[in-house]
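Results of the structural survey
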Amino acid sequence: MDIIFYHPTFDTAYWLNALSAALPGARVREWKRGDKDHADYALVWHPPIEMLQGRDLKAVFALGAGVDSILSKLKAHPEMLPEHIPLFRLEDTGMGEQMQEYAVSQVLHWFRRFDDYQAFKLQAHWEPLADYQREDFTIGILGAGVLGSKVAEALAPWGFPLRCWSRSRKELPGVTSYAGVEELPDFLKETRVLINLLPNTAETAGIINGALLRQLPDQSYLINLARGVHVVEPDLLAALGSGKLKGAMLDVYSKEPLPPESPLWAHPRVAMTPHIAAVTRPAEAVDYIARTITQLEAGKPVSGQVDRQRGY
Ligand SMILES: NC(=O)C1=CN([C@@H]2O[C@H](COP(=O)(O)OP(=O)(O)OC[C@H]3O[C@@H](n4cnc5c(N)ncnc54)[C@H](O)[C@@H]3O)[C@@H](O)[C@H]2O)C=CC1
Ligand SMILES: O=C(O)C(=O)CO
């Protein structure tokens, strides 16, 4: 079996060695321009078109959870990967735990009013504030898939009212499930902390806009862990200005790296990280890919296949 690998920034030598160890007998090589030799599987992130085009592959593995960039490339160049070749993505492989750490730490930061105390500290101002109550701190998760449900699981023991919104109804312990556009207003009505873990699709791009934000209670909070294009940044700034939002924690932006002139940098109630909420953990990813290839070769069922029509 031949496997080709391409990632613009990963340590390729590590991946080639780890894949070879996990799939004894497989010939694993780094794909380089001009390589048109046979391959059964391709592991990719932001692949050049010529890497995949014209190949009779058994499957392609995206080396991340989100497949929006490869699907948008496929829209412009469908010849790059014919529909009959399955595309897989990473399901969790250690990203769930990272999302849990990020969400829990930020929710507790706001719940214990550390944002207010940080602002007081900068003014040398001493003033104990009233505690927030858990019952006023409903957490709403947009997207209840692999990562959204892991985040819900980590928040559940903290006792906050929890709800999620997804395309279809979910059964998650301790979480009220809302489904479909018709239930979005009810989901938003009491959501004090909105956590976004939706995939970027034609239906979800721009979903966190002024009309959505206006449906949240006053003094709410936003954590965007998914994609920058979900948030209409001028509407976010307006909501912070009006007091609809008290704070935002952003990991992703409409343009990355975030340009120096973005007003988000200097906003006192916007906290930011540079798209690091959950990174691909190589050992876990290799384990998942090797297991999936082994099952595919044995004709057994696998999970993680992307529905190209649905867009995630
Ligand atoms: N900031 C970061 O470092 C990272 C961000 N991500 C982002 O997180 C996203 C989510 O990842 P997973 O949980 O693995 O995806 P997933 O596919 O398992 O879950 C997606 C969820 O969104 C829901 N959904 C999709 N379209 C919808 C719609 N139109 N209306 C309502 N619900 C809808 C689905 O029902 C599902 O519950 C990825 O697509 C990626 O963009 C992923 C990894 C790291
Ligand atoms: O896996 C993804 O989709 C990411 O955004 C990784 O940073």
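Residues numbered from 1 in each chain as written. Chains lettered and ligands numbered in written order. Predicted model: local features only at pLDDT ≥ 70, side-chain atom pairs only at ≥ 80, totals over all residues. Heavy atoms only, no water.

Once that is clear, we can look at the sheet that holds strand E7 (residues 162-166). The strand order across the open sheet formed by seven strands is E8-E7-E6-E9-E10-E11-E12, and the pairing between neighbours is parallel. Across the chains shown, the open sheet's two edge strands, defined by having one partner strand only, are strand E8 (175-179) and strand E12 (270-272). Neighbour-to-neighbour, the strand axes of the sheet open up by a mean angle of 15 degrees, direction not taken into account. Across five bridges, the pairing between strand E10 (residues 220-224) and strand E11 (residues 245-250) is parallel. (Pairing = 2+ DSSP bridges. Helix = DSSP H or I, 4+ residues; strand = E, 2+ residues; numbered from the N terminus. Axes fitted to C-alpha atoms, helices over the stretch in contact; angles between N-to-C directions.)

Glancing now at the packing of aromatic side chains. Under the counting rule described, the total for this entry stands at 13 aromatic pairs. Put simply, the rings of Trp110, Phe111, Tyr132, Phe137, Phe160 and Tyr221 touch in pairs and so form one group of aromatic residues. Seen from the ring of tyrosine 132, arginine 192 lies directly overhead, with NZ or CZ sitting 5.0 Å from the centre. (Phe/Tyr/Trp six-rings, centres within 6.5 Å; stacked < 30°, edge-to-face > 60°. Lys NZ or Arg CZ within 6 Å of the ring centre and 35° of its normal.)

With that settled, consider helix H1 (residues 12-22). Within the sequence span of H1, burial applies to Thr12, Trp15, Leu16, Ala18 and Leu19. Those residues of H1 hidden inside the fold are in contact with strand E1 (2-6), strand E2 (27-30), strand E3 (41-44) and helix H10 (282-297). (Buried < 20%, exposed > 50% of the residue type's maximum accessible area, 1.4 Å probe, protein only. Contact = heavy atoms within 4.5 Å.)

The next thing to look at is the site of ligand 2. Taken together, the residues surrounding ligand 2 are Gly64, Ala65, Gly66, Met95, Arg227, His275 and Ala278. Alanine 65 is positioned with one of its backbone polar atoms (N or O) 2.7 Å from an oxygen atom of ligand 2. Taking 230 Å² as the accessible area of ligand 2 by itself, protein coverage stands at 84%. (Near = heavy atom within 4 Å. Polar contact = N/O pair within 3.5 Å; in protein donor to acceptor, adjacent residues only side chain to side chain. Areas by Shrake-Rupley, 256 points an atom, 1.4 Å probe, with all protein chains shown as cover.)

Attention now goes to empty space enclosed by the protein. Counted by the stated rule, this structure contains one cavity of 30 Å³ or more. The volume enclosed by the largest cavity comes to roughly 40 Å³. What lines the largest cavity is simply Val44, Trp45, His46, Pro47, Ala62, Gly66, Val67, Ser69 and Ile70. For the lining of the largest cavity, the per-class residue count stands at six nonpolar, three polar and no charged. (1 Å grid on protein atoms, 1.4 Å probe; cavity = no way out; pocket = protein on both sides within 12 Å on 5 of 7 lines; lining within 4 Å. Points joined across faces, edges and corners; volume = space filled by probe spheres on them. Nonpolar A, V, L, I, M, F, W, Y, C, P; charged D, E, K, R; others polar.)

Along helix H3 (residues 68-76), the positions that sit buried rather than exposed are Asp68, Ile70, Leu71 and Leu74. Viewed along the axis of H3, the buried residues span an arc of 165 degrees, placing them on a single side of the element. Lining the buried residues of H3 we find E3 and strand E5 (87-88). (Arc of directions from axis to C-beta.)

With that settled, consider the side chain of glutamine 100. Mapped onto the elements of the fold, glutamine 100 is located in helix H4 (residues 95-111). Accessibility expressed as a relative area gives 15% for glutamine 100, which makes it buried. Apart from the residues lying within four places of it in its own chain, the contact partners of glutamine 100 are Lys150, Val151, Glu153 and Ala154.

Residue placement: histidine 267 occurs in the loop between E11 and E12. Among the polar contacts made by the side chain of histidine 267, one reaches the main-chain amide nitrogen of arginine 269 at a distance of 3.0 Å. If we ignore the near neighbours within four places in the chain, the residues touching histidine 267 are Leu237 and Leu240.

Fair warning: the whole summary comes from geometry, so function is off the table for now.
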